[in-house]
Structure formats: structure tokens, C-alpha cells
Amino acid sequence: MRINKYIAQAGIASRRKADELIANGNVKINGAVMKEPGYDVAEGDRVEVNGRLLESRGKAEYVLVNKPLGMVTTVSDDRDRLTVMEIVKDIDARLFPVGRLDYNTSGALIMTNDGDMAYRLTHPKHEVYKTYRARVAGVLSNEKVARLRKGVDIGGFVTSRAKVNVIKGNQHSTIVEISIHEGKNRQVRKMFAAVGNPVQELERIAIGDIRLGHLRPGHYRKLTRDEIEYLKKC
Ligand code: URA
């Protein structure tokens, strides 16, 4: 396997960043600096990045997790809260979450050991739509829906076009689906707050075309070959 891919699969960096690390002399193979970007890592090679020895990688793994409420989307938590790693602990690969969901948001989260894909999926320029189902307080008027679709100011940042679809509602609350391709911190909550309808519940139901479906909270499934191909093309 090419050295940049090997580093990316170890979850250290994207393939592009790995190329930089190689060019800058931060990568050693069997104790010697290796600046050849086309180097093919052989069985038994010791690969070090910035002095850290990479474990030899198995194949790339891609899973879809249904993150429950009350779990953090990190590999470890300094406050000892449950992390999404708990859900995938029986998988023999060092997975990490792609992007993040708030503690109080549930739903679709991709986890992988493919750093390259993780980088591409979280980069704003790749524009993978994420779809959320929200319960928001009060009535969401047509005028507010139009504002959300066009873009709202969430405090120094105006969101770009969004797909917004009201599912049902009454005077107390509205169920609405919203698709966005930016990943600002707490963006969906801030967008609804900006039009005066705070979010009461939030679930991510799809990442691009990959839908959560009937996956139960706290469970995972492996992505299908078609889904992996789809993500690689995104
Ligand atoms: N937007 C939010 O407000 N929270 C999330 O967890 C994801 C998107």
C-alpha cells in the first residue's frame, strides 16, 4: 500500500496531509527518514510519523452508528462521559468519528479508520448534505421556512441555502426536516433559534444518501460497498 494511504488509514492525517508530512521529513520507515511519496509499504515495515510508531493496519472499515442522546462524539472524554467508541468496541480497528454530533443530538454518524475519507467528508467544499429531523418550539410559518431556506445569520455567519420541509405541527411545536452542507458548531440549533423557534429535539437522519433507517440507537451497521463507493465519490 502506498505510504500516504497507509498513514491516512492509521487515522493520523488525510492523504494530502500525509504527503506533506513525507515531504517535510516527518516520516520514517524502519528508522530512516523516507521522502519518497510513491513508497510502497511492505509487510513488516515499521512506519513512524513524528516519532510515533503506527500499528500495522488491517483493512479500512466504515460503519454507520446511531448515536444515542447523552454520548459524546469523541475517542475519549476527559469528563469520563460515555463516548461513541462504546458502540463499536467489538470492531477490531481503531475507528474514529467523522465530524460530530452534540451531546443532545442523536442519529447518524459515520465512523472509520480511513483518515482520507474523514477529511473529505468534513471539508466544507465537498458539500455533503446532512439531513436532520427536528422538533422545534411553536409554529414555523411559511415566511420563516423561506428565511431558513435562503440563509440566516447565526452570529457572524450567514448560512447557505438549505432544504427545509415541514412534516407536521400544532401551536406548540413543529416537526421539520432540514438539510445543510455546512458544519458550523450547533448550526441547526442556531438556525432555528435565529427565526425564534428553538430546537427541542434533534436527530440526524441522513448523511448524503446514507440513511439511518431503522438502525436502533446505540447500534451500528457496516456500510455497504455501494455506500462506501458513494462516499468516495462525494
Ligand atoms: N447541528 C446542531 O445544532 N447540532 C448537531 O449535533 C448537529 C448539527
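Whatever comes next refers back to the structure up there.
Summary of the structure given here. (Residues numbered from 1 in each chain as written. Predicted model: local features only at pLDDT ≥ 70, side-chain atom pairs only at ≥ 80, totals over all residues. Heavy atoms only, no water.)

**A closer look at the site of the ligand**
The full set of residues close to the ligand is Leu101, Asp102, Thr105, Tyr132, Arg186, Gln187, Val188, Arg189 and Leu202. Aspartate 102 is positioned with one of its side-chain polar atoms (N or O) 2.7 Å from a nitrogen atom of the ligand. At 3.1 Å from an oxygen atom of the ligand is found a main-chain nitrogen or oxygen belonging to arginine 189. Considering each element in turn, the shell around the ligand owes the most residues, three residues, to helix H5 (residues 187–194). Residues of the shell around the ligand, tallied by class, amount to four nonpolar, two polar and three charged. (Near = heavy atom within 4 Å. Polar contact = N/O pair within 3.5 Å; in protein donor to acceptor, adjacent residues only side chain to side chain. Helix = DSSP H or I, 4+ residues; strand = E, 2+ residues; numbered from the N terminus. Nonpolar A, V, L, I, M, F, W, Y, C, P; charged D, E, K, R; others polar.)

**Considering the side chain of glutamine 187**
Residue placement: glutamine 187 occurs in helix H5. Here the side chain of glutamine 187 touches lysine 184 through a polar contact of 2.9 Å, landing on its backbone nitrogen. When near neighbours in sequence (up to four residues on either side) are disregarded, glutamine 187 contacts Ile154, Thr159, Ile180 and Glu182. (Contact = heavy atoms within 4.5 Å.)

**So, the sheet that holds strand E4 (residues 52–53)**
Taken in spatial order, the four strands of this open sheet run E2-E1-E3-E4, and their pairing is antiparallel. With partners counted over all chains shown, the strands left at the sheet margins are strand E2 (32–33) and E4, one partner each. Sheet analysis places strand E1 (residues 27–29) next to E2, joined by two bridges and oriented antiparallel. Opposite lysine 28, over in E2, you have valine 33 as the bridge partner. (Pairing = 2+ DSSP bridges.)

**Considering the pattern of salt bridges**
Tallied over the full model, the rule gives twelve salt bridges. Among the salt bridges present, the one from aspartate 77 reaches arginine 81, with a minimum N-O distance of 3.0 Å. Residue classification places aspartate 77 among the buried residues on the basis of a relative accessible area of 14%. For lysine 89, the salt bridge identified is with glutamate 86, shortest N-O distance 2.6 Å. Judged by relative accessible area, lysine 89 falls into the exposed class, the value being 61%. Owing to a relative accessible area of 36%, glutamate 86 belongs among the partly exposed residues under this scheme. Each member of the salt-bridge network shares a partner with another, and the members are Arg100, Asp102, Arg186 and Arg189. (Salt bridge = Lys/Arg side-chain N within 4 Å of Asp/Glu carboxyl O. Buried < 20%, exposed > 50% of the residue type's maximum accessible area, 1.4 Å probe, protein only.)

**What about the packing of aromatic side chains?**
A full pass over the atoms with the stated rule returns zero aromatic pairs. Over the ring of tyrosine 129 we find lysine 163, and its NZ or CZ is 4.3 Å from the ring centre. If you follow lysine 184 out to its NZ or CZ, it ends over the ring of phenylalanine 157, 4.5 Å from the centre. (Phe/Tyr/Trp six-rings, centres within 6.5 Å; stacked < 30°, edge-to-face > 60°. Lys NZ or Arg CZ within 6 Å of the ring centre and 35° of its normal.)

**Some thoughts on the pairing of strand E9 (residues 163–169)**
Pairing of E9 with strand E10 (residues 173–180) involves six bridges; the strand directions are antiparallel. Across the sheet, residue lysine 163 finds its bridge partner in E10, namely serine 179. Taking the residues between adjacent antiparallel strands as the criterion, E9 and E10 are bridged by three residues.

Without other data, these values stay purely geometric and don't point to any function.
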